[in-house]
Amino acid sequence: MKRSDLVADTAITLLAERGMRGLTHRAVDEAADLPPGSTSNLARTRAALLELTLSRLTELETLALAGAYGSGPDEPDLPARMAQALHVQLTDRRRTLARYELALEATRRPELRRIYDEAGRRFRDPAVAMLAALGSTDPVRHARTLVAFADGLLFDAIAGAGSVPTPEELEAALRELLAGMLRPGGQRTSGRTSRR
């Protein structure tokens, strides 16, 4: 394993276990069993360490979620693929907790926000393409809804009061959401309510 990957993987674990305040260069050196100063030599500042960690986290999540972005929208079944990808994220809570820590930190660090937003596009853009292929009349809006729905499921199971859903429950929820988005006759409602 490359030294940079070891440092970033260790930082991900520390973020999940100790939060943002527990992530220091010294803590990474100790947890990774590296000589003192090794992390500082690789990522001189805290900002550099956070950027390295976020880049590695994005790489790991891209690999974990690759199954959700298969060769086409129908092959194999999209809701089943997405359910499996979400289940992977739920079973490795470490990555997801670290992402939450970095997301909050990105609200206070513009340089990290730029990297975080770019990472987000790596997941949203394929969702837009898949929904367009499935016949969505507003794939950008629907992709935003789909990603928000998935993020909400993850947050509820990991940091909220919800239980961890099974792959079958995740698939059923995704099928319901996609059926609503892609129903025949258009996806928008007027928003008007009739008065009697």
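Residues numbered from 1 in each chain as written. Predicted model: local features only at pLDDT ≥ 70, side-chain atom pairs only at ≥ 80, totals over all residues. Heavy atoms only, no water.

(A) Summary view of the overall build of the protein chain. Per the secondary structure count, the protein chain includes 9 helices and 0 strands. Along the protein chain, from the amino end to the carboxyl end, the secondary structure elements read α-α-α-α-α-α-α-α-α. Counted over contacts in the protein chain with a minimum sequence separation of 6, partners at least 24 positions apart contribute 67%. (Helix = DSSP H or I, 4+ residues; strand = E, 2+ residues; numbered from the N terminus. Contact = heavy atoms within 4.5 Å.)

(B) How the structure looks around the confidence of the model for the protein chain. Confidence along the protein chain averages 87 in pLDDT terms, with 89% of residues attaining 70 or more. When the elements of the protein chain are averaged for pLDDT, helix α5 (residues 78–91) gives the smallest value, 86, and helix α2 (residues 25–31) the largest, 98. Residue range residues 186–196 is modelled with pLDDT below 50. Its contacts to residues more than four positions away, or to other chains, number 11 contacts. (pLDDT = per-residue confidence, 0-100.)

(C) Representation of the side chain of Thr-10. Summarising the element assignment, Thr-10 is placed in helix α1 (residues 3–18). On the basis of relative accessibility, which here comes to 10%, the residue Thr-10 falls in the buried class. When residues no more than four places from it in sequence are discounted, the contact partners of Thr-10 are Val-28, Ala-31 and Ala-32. (Buried < 20%, exposed > 50% of the residue type's maximum accessible area, 1.4 Å probe, protein only.)

(D) Highlighting the environment of Asp-117. As for its position among the elements, Asp-117 is in helix α7 (residues 110–133). In this structure the C-alpha to C-alpha distance between Asp-117 and Ala-103, which are 14 residues apart in sequence, comes to 9.5 Å.

(E) Representation of the pattern of salt bridges. By the definition in use, this model includes 15 salt bridges. Put simply, Asp-92 and Arg-95 hold a salt bridge, and the shortest N to O gap is 2.9 Å. Classification of Arg-95 as buried rests on a relative accessible area of 9%. Among the salt bridges present, the one from Asp-138 reaches Arg-141, with a minimum N-O distance of 3.0 Å. Arg-141 gets classed as partly exposed once you look at its relative accessible area, which sits at 25%. (Salt bridge = Lys/Arg side-chain N within 4 Å of Asp/Glu carboxyl O.)

(F) Up close: the nonpolar core. Of all hydrophobic cores here, the largest spans 24 residues; its most connected members are Leu-23, Val-28 and Leu-102. When contributions to this core are tallied by element, the ones reaching two or more residues are α1, α2, α4 (46–64), α6 (93–106) and α7. Core analysis: the next-biggest nonpolar cluster, separate from the first, contains 20 residues, Leu-131, Leu-170, Leu-174 and Leu-177 among them. (Core = buried A, V, L, I, M, F, W, Y, C linked by side-chain atoms within 4.5 Å.)

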